[in-house]
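One-letter residues, chain by chain:
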Amino acid sequence: MKKVILSLIICCFIFSGCSEESKERFNAFFNSPVYNNYSGTYLMQGNEEGEQSPILQLDMSSLNFVYTYDMSSEYLLEGNIERKGGMLVLTTHDEKYIYVFQILDRYTLQFKKEYSSKIEGKNSDIDIKDGTIFSLSEEEKIKIQKKIEKEEEEEDNFIYWAY
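None of these values were measured; they are calculated from a predicted model.

**Student:** Got a sec to walk through the overall build of the protein chain? Specific residues and values, please.
**Tutor:** On a plain count of helices and strands, the protein chain comes out with four helices and eight strands. The order of α-helices and β-strands along the protein chain, N terminus first, is α-α-α-β-β-β-β-β-β-β-β-α. Split into buried and exposed, the 163 residues of the protein chain put 33% on the buried side. Contacts spanning at least 24 positions in sequence make up 41% of the contacts within the protein chain whose residues lie at least 6 apart.

Written out as structure tokens, the structure reads:
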């Protein structure tokens, strides 16, 4: 009986000894800005080469955006970002326009036309369809991947040390 109790105490000690710090570090890693930061320049996919492509620039540290879809427009679409679940809701500073994008993954957003303001511009050819994909530029994907690899390496070193 003493052996069973002693074994249970040792198991509890082993599993709880560093668990709080490990859990905090583990959670901090997967909730880190690298994993949940959607900052960067997103380009609309599906345009033919040479065709003007809408650009979405997100700055999650200041929660601001700039959305360019018509270079001939005098109105600059810029404003605030709000994250609601798996969606990014972009509202212009004057609150005239709202644009909604679903977060598909760290590098990809999908335009939700049904929840967004009508896209108007001097260029009558502009039509961003529901479900249009906006992808982070290749250059920025590489930067993020390097940051992730660095954080994962640091986390691996911590987990090895903690146990």
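Once you've had a look at it, read on.
**Student:** Before we move on, can you summarise the sheet that holds strand E4 (residues 77-84) with the specific residues and values?
**Tutor:** The antiparallel closed barrel is built from eight strands, whose spatial order is E1-E2-E3-E4-E5-E6-E7-E8. Direction aside, neighbouring strands of the sheet carry axes that sit 30° apart on average.

**Student:** Lay out the pairing of strand E8 (residues 133-136) with the relevant residues and their values.
**Tutor:** As defined by bridge partners, strand E1 (residues 40-44) adjoins E8 across three bridges and the pair is classed as antiparallel. Residue pairing across strands places Met44 opposite Phe134, the latter belonging to E8.

**Student:** Could you give me a rundown of the pairing of strand E2 (residues 55-59), with the residues and numbers involved?
**Tutor:** Here E2 shows a buried face lined by Leu56 and Leu58 and an unburied face lined by Ile55, Gln57 and Asp59. Taken together, the four bridges between E1 and E2 define a ladder with antiparallel strand orientation. Each residue of the ladder has a partner; that of Gly40, found in E2, is Leu58. Sheet topology places E2 next to strand E3 (residues 64-68); five bridges connect them, and they run antiparallel. The residue of E3 that forms the bridge with Gln57 is Val66. Taken together, E2 and the strand that follows it, E3, pair antiparallel across an intervening segment of four residues, in which Leu63 is found at a positive phi of about 55°.

**Student:** Lay out the nonpolar core in plain terms, naming residues and giving numbers.
**Tutor:** Membership of the largest hydrophobic core comes to 26 residues, with the highest contact counts inside it found for Leu56, Leu58, Tyr67, Tyr99, Phe101, Leu109 and Phe134. Here the element with the most residues in this core is strand E6 (residues 98-105); it accounts for three residues. Ignoring sequence-local partners within four residues, the contact set of Phe134 consists of Tyr42, Leu43, Met44, Pro54, Leu56, Tyr67, Phe101, Tyr107, Thr108, Leu109, Phe111 and Ile128.

**Student:** Which residues make up the side chain of Ser137, and what values do they have?
**Tutor:** Along the chain, Ser137 falls in the loop between E8 and helix H4 (138-162). Not counting residues within four places of it along the chain, the set of residues in contact with Ser137 comprises Thr41 and Leu43.

**Student:** I'd like to hear about the environment of Glu138, residue by residue, with values.
**Tutor:** By secondary structure assignment, the location of Glu138 is in helix H4. Residue class for Glu138 comes out exposed when judged on its relative accessible area of 53%. Linking Glu138 and Thr41, residues 97 residues apart in sequence, is a C-alpha distance of 9.6 Å.

**Student:** Pulling in residues and values, what's your account of unusual backbone geometry?
**Tutor:** Of note, Leu63 is a non-glycine position whose phi angle comes to about 55°, a positive value. Along the polypeptide, Leu63 turns up in the loop between E2 and E3. A positive phi is found at Glu95, a non-glycine position, where the angle reads about 60°. A residue is classified by how much of its surface remains accessible, and Glu95, at 64% relative accessible area, is exposed.

**Student:** Can you break down the environment of Ser53 residue by residue, with the values?
**Tutor:** When you line up the elements, Ser53 lands in the loop between E1 and E2. Along the chain, Ser53 and Leu43 lie ten residues apart, while their C-alpha atoms are 6.9 Å from each other.

**Student:** Got a sec to walk through the packing of aromatic side chains? Specific residues and values, please.
**Tutor:** With the rule as written, the count across this model stands at six aromatic pairs. Seen in terms of ring centroids, Tyr67 and Tyr99 are 5.1 Å apart; in terms of plane orientation they differ by 75°. Their pairing is edge-to-face. Separated by 32 residues along the polypeptide, Tyr67 in strand E3 and Tyr99 in strand E6 bring together distant segments of the chain. Aromatic pair Tyr97 and Tyr99: ring centres 6.4 Å apart, planes at 10°, arrangement stacked. No difference in accessibility class separates Tyr97 from Tyr99, as the two residues are buried.

Here is what the cut-offs are and how they apply
- Residues numbered from 1 in each chain as written.
- Predicted model: local features only at pLDDT ≥ 70, side-chain atom pairs only at ≥ 80, totals over all residues.
- Heavy atoms only, no water.
- Helix = DSSP H or I, 4+ residues; strand = E, 2+ residues; numbered from the N terminus.
- Buried < 20%, exposed > 50% of the residue type's maximum accessible area, 1.4 Å probe, protein only.
- Contact = heavy atoms within 4.5 Å.
- Pairing = 2+ DSSP bridges.
- Axes fitted to C-alpha atoms, helices over the stretch in contact; angles between N-to-C directions.
- Core = buried A, V, L, I, M, F, W, Y, C linked by side-chain atoms within 4.5 Å.
- Phe/Tyr/Trp six-rings, centres within 6.5 Å; stacked < 30°, edge-to-face > 60°.

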